[in-house]
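Chains, contacts and geometry: an overview
This is what each chain is made of:
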Amino acid sequence: LKGRGWVTDTGEIVPGPHDFSRTNFVPLPAMHGMLSALVFPEAAAPEARWRISTALRATILTELARWPRESRDPVYPAPEYYDGYAKFFIIGDRKDPAPAGLRIFGKSGQAYGYLQDSAYVVDRAAGIEFLLTATVHANADGIFNDDQYEYEEVAIPFLAALGRAVLEYEQERTRAVRPTFEGLPTEWI
């Protein structure tokens with residue numbers, strides 16, 4: 001049960017918390033675990049691994065890494081579909097192209113004021129990689145289904161700043177081993 005009210009299809013507000021128990025949702029740890037098992041299958045417990053072929057895994061990773069401008073079918077024209085469109089970490093609040101060497105393999109979600117992103121970030125120029133998953137709730141009025149959410153003002157800037165903070169930390173952190181980016185589609189790294 002969440003919120004202060006729910007807007008019906010007819011525009012009426014039903015006061016009180018809304019029951020989301022029969023609504024699709026993916027908990028944060030599950031989303032992070034699914035992406036981690038896809039990117040690093042050998043590190044996942046056998047029961048958590050994706051049961052897919054190597055070719056299908058490569059296709060999924062390719063699609064997760066693609067910037068909107070790289071899609072040919074369907075076509076996502078700029079400037080409406082910029083690199084940070086639906087890739088909220090690091091560049092989600094910017095309209096300019098992603099920095100060279102940066103690739104974000106990710107899946108995001110947006111509903112009822114919740115904004116979620118789960119990404120494997122590769123900065124080839126710096127030789128770093130990291131997984132990051134976060135959810136932000138930006139629904140100041142607490143009314144669900146009213147399309148009055150603070151995605152642009154709160155959620156997207158927060159996720160972009162979070163991604164940049166982790167990227168900066170990873171760029172400064174000393175590592176015993178540098179990533180090899182093995183197993184990733186070579187056209188993206």
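That block above? That's the structure.
Our subject in this report is the structure included herewith. Everything numeric in this text was worked out from a predicted model, so none of it was measured.

Summarising the sheet, strand 3 (residues 102–111) and strand 4 (residues 114–123) pair through 10 bridges and their orientation is antiparallel. If you follow Leu102 over to strand 4, its bridge partner there is Asp123. Two successive antiparallel strands, strand 3 and strand 4, enclose a turn made up of two residues, where Tyr112 displays a positive phi of approximately 55 degrees.

On to the packing of aromatic side chains, then. Under the definition given, this model contains 12 aromatic pairs. Taking 5.6 Å as the distance between ring centres and 45 degrees as the angle between the ring planes, the aromatic pair formed by Phe105 and Tyr120 counts as tilted. With Phe105 in strand 3 and Tyr120 in strand 4, the pair connects residues that are 15 residues apart, well separated along the chain. The class for Phe105 is buried, based on a relative accessible area of 0%. Given the relative accessible area of 1%, Tyr120 is considered buried. For the ring pair Tyr114 and Phe144, a centre distance of 6.4 Å and an interplane angle of 5 degrees mean the geometry is stacked. A residue pair is termed long-range when its members are at least 10 positions apart, and Tyr114 in strand 4 and Phe144 in strand 6 (residues 143–144) qualify at 30 residues. Since its relative accessible area comes to 1%, Phe144 is described here as buried. By way of ring pairs, the aromatic residues Trp6, Phe20, Tyr112, Tyr114 and Phe144 are connected into one cluster.

Read from one edge to the other, the open sheet built from three strands follows the order 3-4-5, with strand pairing classed as antiparallel. Looking at strand neighbours, the two that pair on one side only are strand 3 and strand 5 (128–137), the edges of this open sheet. Neighbour-to-neighbour, the strand axes of this sheet turn through a mean angle of 5 degrees, independent of strand direction. Summarising the sheet, strand 4 and strand 5 pair through 10 bridges and their orientation is antiparallel. The partner of Gln116 across the bridge, within strand 5, is Thr135. Running at roughly 155 degrees to strand 5, helix 3 (residues 151–172) makes contact with strand 3, strand 4 and strand 5 of the sheet.

Quick look at helix 3 now. Between its first and last C-alpha atoms helix 3 spans 30 Å; for 22 residues at 1.5 Å apiece the expected length is 32 Å, and the two agree. What helix 3 keeps buried is the set Tyr151, Ala155, Ile156, Leu159, Ala160, Gly163, Arg164, Val166, Leu167 and Glu170. Close packing links the buried residues of helix 3 with strand 3, strand 4 and strand 5.

The geometry of helix 1 (residues 28–39) relative to helix 2 (residues 54–65) is characterised by a closest axis approach of 10 Å and an angle of 120 degrees between their N-to-C directions. On the basis of the axis angle, helix 1 is oblique to helix 2. As helix 1 packs across helix 2, the resulting crossing turns out to be left-handed. Facing Leu35, Leu38 and Val39 of helix 1, the residues of helix 2 in contact are Arg57, Ile60, Leu61 and Leu64. Partitioned by chemical class, the residues of the contact of helix 1 with helix 2 number six nonpolar, no polar and one charged.

One pass over the structure, following the stated rule, counts six salt bridges. Two residues, Arg164 and Asp93, come together in a salt bridge whose shortest N-O distance is 2.9 Å. With Arg164 in helix 3 and Asp93 in the loop between helix 2 and strand 3, this pair connects stretches of sequence that are 71 residues apart. On the accessibility criterion, Asp93 (34% relative accessible area) is partly exposed.

Cut-offs used in this document
Residues numbered from 1 in each chain as written. Predicted model: local features only at pLDDT ≥ 70, side-chain atom pairs only at ≥ 80, totals over all residues. Heavy atoms only, no water. Pairing = 2+ DSSP bridges. Helix = DSSP H or I, 4+ residues; strand = E, 2+ residues; numbered from the N terminus. Phe/Tyr/Trp six-rings, centres within 6.5 Å; stacked < 30°, edge-to-face > 60°. Buried < 20%, exposed > 50% of the residue type's maximum accessible area, 1.4 Å probe, protein only. Axes fitted to C-alpha atoms, helices over the stretch in contact; angles between N-to-C directions. Contact = heavy atoms within 4.5 Å. Expected span 1.5 Å × (residues − 1). Parallel < 35°, antiparallel > 145°, perpendicular 65-115°, else oblique. Left-handed = near helix turned anticlockwise from the far one by under 90°. Nonpolar A, V, L, I, M, F, W, Y, C, P; charged D, E, K, R; others polar. Salt bridge = Lys/Arg side-chain N within 4 Å of Asp/Glu carboxyl O.

Worth remembering: the numbers are spatial, not functional.
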